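Here is how the chains run, residue by residue.
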Amino acid sequence: MAEKPKLHYFNGRGRMESIRWLLAAAGVEFEEKLFETREEFEKLIQGGTLLYEQVPMVETDRMNLVETRAILRYIAAKYDLYGRNLKQQAWIDMYVEGLKDLSDMIMFFPLSLPEEKEMNLEHILARATTRFFPVYEKALRDHGQDFLVGNRLSWADIQLLEVILMAEECKPSVLAGRNEFMARISHIPTINKFLQLGSQRKPPLDEESIETVKNIFKFERGMFLKNMSTIVAEY
Ligand SMILES: N[C@@H](CCC(=O)N[C@@H](CS)C(=O)NCC(=O)O)C(=O)O
């Protein structure tokens, strides 16, 4: 039996969460080696398996895969979630890269300065509802199919559901009345299982986990804030 992929990361969503989603949706069981301290992360670096001394890293098929997008693409292709031809791949790429722009904003949101929180949230929700989600709604409406690309489940659908749920955590019912897609994809058995309590899905960052992440990666608060401001300014 093939070995389960082993995911190396801290015990939180961050950049690894989309990888967890994709593996879970593909019905692939995986193990996690979660580090909790800077020392454990440094030990991993010293082991020499991190190409750029960064995580996420996924051990699979006798490779130590790094770079989130490379990992996601490998998994999508391996488990037949990456379209049937180059054009479908291009559409999937366009959808998932847009979704990444939105999910990056949401990922950095908890790191906003208290006085910027409200403004940042408004900005994220405006972008979600006027720039990004209408694209996916229109695509589904125009071709009248259940999935974004090629009339079958792909990485794009899985990432869309992940990001819709992230946006809903920022503001419940952000998609009120427009969530047929969400219900449909959530009912796919592998995805439904991942959405249940007790799965390997991680909760949103709370204050305590922000402190842990800062200690592990030696992030300065200013770095987060700079990221958030840059992202808000760019989109
Ligand atoms: N381009 C990389 C960025 C990875 C990255 O920044 N990882 C952070 C944790 S989420 C890290 O390992 N930081 C430690 C460092 O850069 O020294 C990817 O997308 O995977």
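Up top is the structure.
Computed from a predicted structure; not experimentally measured. (Residues numbered from 1 in each chain as written. Predicted model: local features only at pLDDT ≥ 70, side-chain atom pairs only at ≥ 80, totals over all residues.)

Colleague: Describe the packing of helix α5 (residues 117-143) against helix α6 (residues 155-170), naming the residues involved and giving the relevant values.
Modeller: Running from amino to carboxyl end, α5 crosses α6 at an angle of 150 degrees, the nearest separation of the two axes being 11 Å. Classified by the angle their axes make, α5 and α6 are roughly antiparallel. In this structure, α5 crosses over α6, and the sense of that crossing is left-handed. Only Leu160, Ala167 and Cys170 of α6 make contact with α5, whose side of the interface consists of Leu121, Ile124, Leu125, Ala128 and Tyr136. A breakdown of the residues in the contact of α5 with α6 according to their chemical character gives eight nonpolar, no polar and no charged. (Axes fitted to C-alpha atoms, helices over the stretch in contact; angles between N-to-C directions. Helix = DSSP H or I, 4+ residues; strand = E, 2+ residues; numbered from the N terminus. Parallel < 35°, antiparallel > 145°, perpendicular 65-115°, else oblique. Left-handed = near helix turned anticlockwise from the far one by under 90°. Contact = placed C-beta atoms within 7 Å. Nonpolar A, V, L, I, M, F, W, Y, C, P; charged D, E, K, R; others polar.)

Colleague: Account for unusual backbone geometry, naming residues and giving values.
Modeller: Cis rather than trans, the peptide bond between valine 55 and proline 56 has omega equal to 10 degrees. In this fold, proline 56 is placed in the loop between α2 (38-46) and β3 (57-60). Of note in this structure, aspartate 80 is not a glycine but carries a positive phi near 60 degrees. Mapped onto the secondary structure, aspartate 80 falls in the loop between α3 (68-78) and α4 (86-108). When the 12 C-beta atoms within 10 Å are taken as the criterion, aspartate 80 is described as exposed. The backbone of asparagine 151 sits at a positive phi, close to 55 degrees, despite the residue not being glycine. On the secondary structure map, asparagine 151 appears in the loop between α5 and α6. (Buried ≥ 20, exposed ≤ 12 C-beta atoms within 10 Å, placed from the backbone.)

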